[in-house]
Amino acid sequence: MDQLFYLADLFGVAVFAITGALMAGRKSMDLFGVLVIAIITALGGGTLRDVILGNHPVAWIKDDTYILVASLAALGTVVWVRLTRPINEYGLLLADAFGLAVFTVYGTELALQHNLQPGTAVIMGVITGVGGGVMRDIICNEVPLIFQKEIYAIACIAGSLMFIGLREVALPSWLVTTGSMLAVLLIRLAAIHWRLSLPRFHLLDRE
Amino acid sequence: MDQLFYLADLFGVAVFAITGALMAGRKSMDLFGVLVIAIITALGGGTLRDVILGNHPVAWIKDDTYILVASLAALGTVVWVRLTRPINEYGLLLADAFGLAVFTVYGTELALQHNLQPGTAVIMGVITGVGGGVMRDIICNEVPLIFQKEIYAIACIAGSLMFIGLREVALPSWLVTTGSMLAVLLIRLAAIHWRLSLPRFHLLDRE
Amino acid sequence: MDQLFYLADLFGVAVFAITGALMAGRKSMDLFGVLVIAIITALGGGTLRDVILGNHPVAWIKDDTYILVASLAALGTVVWVRLTRPINEYGLLLADAFGLAVFTVYGTELALQHNLQPGTAVIMGVITGVGGGVMRDIICNEVPLIFQKEIYAIACIAGSLMFIGLREVALPSWLVTTGSMLAVLLIRLAAIHWRLSLPRFHLLDRE
């Protein structure tokens, strides 16, 4: 089971790295920039969580595989685009939703292991899930997408709350984990399919 | 006295969260974005200070009240604006100056408790006071306001230095605290009133 | 030897602070902004490395000299420009290459002292070398230069790898250090001279 979760985690890293590499390509970055943005997108959220928690050493320092997977995914993206293969945007959205589910649940679990209060554990889940993407957008000089587009972070929050709730019940831990991952995944897919979004807060700039 | 200081701290959190929510509104963010920007504006400076100091766990992890107050202030701002109530910009500036005073003095005090040298303690005071606002501006894709507008950080530096100086004298600690907060507040109010600003450094872009 | 390395480190701090102050000037920041951007450019990379490693207290907290040197370099830059003295861009590039060499090797060495794996040690070298400049660009609302312009980070990576490699051989440590610094310096100078750059990854924005 742990093995499976580790593989899912690496899959999430690869997918997030791909979205980072694509964004870097939109900004015409060089290969080093592509690599950096991909790695930050994939591992930035977890690193921010660990740094705030004081949880050292962070995951990718303990285990080189994370950096390796993110780098290979980035280089693979560049090769793929150079070969003028089309990017399956819908497939990427699905994969991204899966990565989000894994990262969120993992971040929440780690927070609970650190004996954090439920509210803070949810925040750690959200940071793990969306932190890397927000960093990617900031470095690429964009207002972070997830603060503007269809429902994304709400899926994290729901999955994180569900994980905390299910853990209180006497369920086997694999069920708690997969159940709450499924919640993130389904909410996100529903949001994509029906283009659900949160109400916006418009304020005219008076400066 | 500690109780009073805690309340002042929470007041600062609420005020900073309101400025964050307003900025998010100017960027037409959704409700989640408003919440995140408000929380980061309110708690980002203190978190950055704690992470640099290695001071774990950070304040809002120990005590859920901080996140709660910031969230409520953000939601309150959205409701207020939706009801088309006017925003009292001047009142907000006053409240912000008060929050700045509290955060700066608290950051300096914490640094001295960690036995930092005076120069570094001032920097920690400044980080605590202005860090959240700088993060807000970076995420919202603006060049940070406090590097361009009227005197702001100078008020922090002065208050922080005053705190360090008064502590050396044999004064009761409540007087040291309130005296240096008052210094921040008065300098900031004078800067707003007379539109005082630091000289600018203009350099033509030759690229 | 240690003394010499410390002086080289301070020289790197001063040079990076100057590039920060110049960028702040291009953004018409006030004096406080100039100071902050200069300090972040000079010390941001090392601070990020230490925070990720959990290596507390960070260098500039232990030793006030770093902040002092960065501040003086920033103020000196402002005075120099105000006196309408020309900026020797080429000299600045050379000095920057030297600073990059020192920071990279120091970051790698520190990582190895923390028993990091070679791959991660290289990343720490790169973070130390380029982190401050990236932060400068993000705060000043620019897409980081080093992800777009001629070879820069590759020089870091090469120097870092060389340091790790030479350390395995039975060479005196001063030779390992200066040899790998020289590698960074020469690659960077060659890149500037022949305008070498990495291939770019262009992707049309379909949004």
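- In the annotation of an unreviewed UniProt entry, chain A is listed under the name Glycine transporter domain-containing protein and assigned to Metapseudomonas resinovorans NBRC 106553.
- Reading the Sequence similarities (unreviewed entry) entry of the UniProt record for chain A gives the comment "Belongs to the UPF0126 family."
- Recorded in UniProt for chain A, the comment headed Subcellular location (unreviewed entry) runs: "Cell membrane".

### Quick notes on the environment of V102 of chain C
Residue and element names in this part refer to chain C.
Link 1 in the chain: Within the secondary structure, V102 is located in helix α5 (residues 89-113).
Link 2 in the chain: Sequence separation between V102 and S180 is 78 residues; the distance between their C-alpha atoms is 9.3 Å.
Link 3 in the chain: When neighbours within four sequence positions are excluded, V102 is seen to be in contact with F5, A8, D9 and M181.

### Some details on the confidence of the model for chain A
Link 1 in the chain: Here chain A averages 89 in pLDDT, while 97% of its residues score no lower than 70.
Link 2 in the chain: Across chain A, element-level confidence peaks in helix α2 (residues 31-53) of chain A with a mean pLDDT of 94 and bottoms out in helix α5 (residues 89-113) of chain A with 90.

### A word on the side chain of R49 of chain C
Link 1 in the chain: By the element assignment, R49 of chain C lies in helix α2 (residues 31-53).
Link 2 in the chain: Residues contacting R49 of chain C, with those up to four places away along its chain left out, are Y106, G107, L110, M124, I127 and T128 of chain C.

### Re the interface of chain A and chain B
Link 1 in the chain: Taken together, the contacts link 32 residues of chain A with 36 residues of chain B.
Link 2 in the chain: A combined buried area of about 2,900 Å² lies between chain A and chain B, and 64% of that area is made up of carbon and sulfur atoms.
Link 3 in the chain: A per-residue breakdown of the area chain A buries against chain B is headed by F147, F201 and L203 of chain A, which together make up 28% of the total.
Link 4 in the chain: Where chain A packs against chain B, one counts zero salt bridges.
Link 5 in the chain: The tally of links from chain A across to chain B stands at three residue pairs in polar contact (both at pLDDT 80 or more).
Link 6 in the chain: Of all the elements in the fold, those that place two or more residues in the side of chain A that touches chain B are α2, α6 (118-139) and α7 (153-168) of chain A.
Link 7 in the chain: A per-element tally of the side of chain A that touches chain B places α6 of chain A first, with six residues.
Link 8 in the chain: Here the residues of the side of chain A that touches chain B are counted per class, giving 19 nonpolar, seven polar and six charged.

### Here's the deal with helix α8 (residues 173-194) of chain A
Residue and element names in this part refer to chain A.
Link 1 in the chain: For α8, spanning 22 residues, the distance from its first C-alpha to its last is 32 Å, which sits close to the expected 32 Å at 1.5 Å a residue.
Link 2 in the chain: Taken as a whole, α8 has its buried residues at V176, T177, S180, M181, A183, V184, L185, R188, A191 and I192.
Link 3 in the chain: Residues of α8 that are buried make contact with α1 (2-26), α5 and α7.
Link 4 in the chain: Two residues or fewer past α8, R195 is found with a positive phi of approximately 50 degrees.

### Some thoughts on the relation of the copies chain A and chain B
Link 1 in the chain: Of the two same-sequence chains, chain A is brought onto chain B (RMSD 0.0 Å, axial shift 0.0 Å) by a rotation of 120 degrees. The superposition operator between the copies reduces to a three-fold rotation axis.
Link 2 in the chain: Little of the interface of chain A is mirrored in chain B, where only 12% of its interface residues again form contacts.

### Comments concerning the pattern of salt bridges
Close approach of charged atoms allows side chains with opposite charge to pair.
Link 1 in the chain: Applying the stated criterion to the full structure yields nine salt bridges over all chains.
Link 2 in the chain: A salt bridge links D50 of chain A to R49 of chain A; the shortest N-O distance between them is 3.0 Å.
Link 3 in the chain: The exposure class of R49 of chain A is buried, given its relative accessible area of 3%.
Link 4 in the chain: Residues K27 of chain C and E142 of chain C are paired through a salt bridge, measuring 2.7 Å at the closest nitrogen-oxygen approach. A residue pair is termed long-range when its members are at least 10 positions apart, and K27 of chain C in the loop between α1 (2-26) and α2 and E142 of chain C in the loop between α6 (118-139) and α7 (153-168) qualify at 115 residues.

### With respect to the UniProt feature "domain: Glycine transporter" (unreviewed entry) in chain A
Link 1 in the chain: Under the feature "domain: Glycine transporter" (unreviewed entry), the UniProt entry names residues 7-80 and 94-166 of chain A.
Link 2 in the chain: End-to-end, the C-alpha atoms of residues 7-80 of chain A are 23 Å apart, and along that stretch the chain is 85% helix and 0% strand.

### Thoughts on α5 of chain A
Link 1 in the chain: An ideal rise of 1.5 Å per residue puts 36 Å on 25 residues; α5 of chain A measures up with 36 Å between its terminal C-alpha atoms.
Link 2 in the chain: N115 of chain A sits one or two residues past α5 of chain A and shows a positive phi near 60 degrees.

### Structural notes on the UniProt feature "transmembrane region" (unreviewed entry) in chain A
Residue and element names in this part refer to chain A.
Link 1 in the chain: If you check UniProt for "transmembrane region" (unreviewed entry), the listed places come out as residues 6-24, 31-53, 65-83, 90-108, 120-139, 151-167 and 173-191 in our numbering.
Link 2 in the chain: For residues 65-83, helix accounts for 95% and strand for 0%, while the C-alpha atoms at its two ends are 27 Å apart.
Link 3 in the chain: In residues 173-191, helix accounts for 100% and strand for 0%; the two terminal C-alpha atoms are 27 Å from one another.

### Quick notes on the packing of α2 of chain C against α6 of chain C
All names here are of chain C.
Link 1 in the chain: With their axes 7 Å apart at the nearest point, α2 and α6 run at an angle of 135 degrees to one another. Judged by the inter-axis angle, α2 sits oblique to α6. The two elements α2 and α6 meet at a crossing, and its hand is right-handed. Between α2, through I37, I40, T41, G44, G45, G46, L48, R49, I52 and L53, and α6, the contact on the second element is made entirely by M124, I127, T128, G131, G132, G133, M135, R136 and I139.
Link 2 in the chain: Tallied by class, residues from the contact of α2 with α6 come to nine nonpolar, eight polar and two charged.

### Considerations on the packing of helix α7 (residues 153-168) of chain B against helix α8 (residues 173-193) of chain B
All names here are of chain B.
Link 1 in the chain: As a packed pair, α7 and α8 sit with axes 8 Å apart at the nearest point and diverge in direction by 160 degrees. As the angle between them shows, α7 and α8 are arranged roughly antiparallel. For the pair α7 and α8, the sense of crossing is right-handed. For the pair α7 and α8, contact is made by A155, C156, A158, G159, M162, F163, L166 and R167 and by V176, T177, G179, S180, A183, V184, I187 and R188, respectively.
Link 2 in the chain: Residues belonging to the contact of α7 with α8 are distributed by class as follows: 10 nonpolar, four polar and two charged.

Cut-offs used in this document
- Residues numbered from 1 in each chain as written.
- Chains lettered and ligands numbered in written order.
- Predicted model: local features only at pLDDT ≥ 70, side-chain atom pairs only at ≥ 80, totals over all residues.
- Heavy atoms only, no water.
- UniProt positions renumbered as here; feature names shortened; annotations may be inferred.
- Helix = DSSP H or I, 4+ residues; strand = E, 2+ residues; numbered from the N terminus.
- Contact = heavy atoms within 4.5 Å.
- pLDDT = per-residue confidence, 0-100.
- Buried area = accessible area lost by both parts, 1.4 Å probe.
- Salt bridge = Lys/Arg side-chain N within 4 Å of Asp/Glu carboxyl O.
- Polar contact = N/O pair within 3.5 Å; in protein donor to acceptor, adjacent residues only side chain to side chain.
- Nonpolar A, V, L, I, M, F, W, Y, C, P; charged D, E, K, R; others polar.
- Expected span 1.5 Å × (residues − 1).
- Buried < 20%, exposed > 50% of the residue type's maximum accessible area, 1.4 Å probe, protein only.
- Least-squares fit on C-alpha atoms with pLDDT ≥ 70 in both.
- Axes fitted to C-alpha atoms, helices over the stretch in contact; angles between N-to-C directions.
- Parallel < 35°, antiparallel > 145°, perpendicular 65-115°, else oblique.
- Left-handed = near helix turned anticlockwise from the far one by under 90°.

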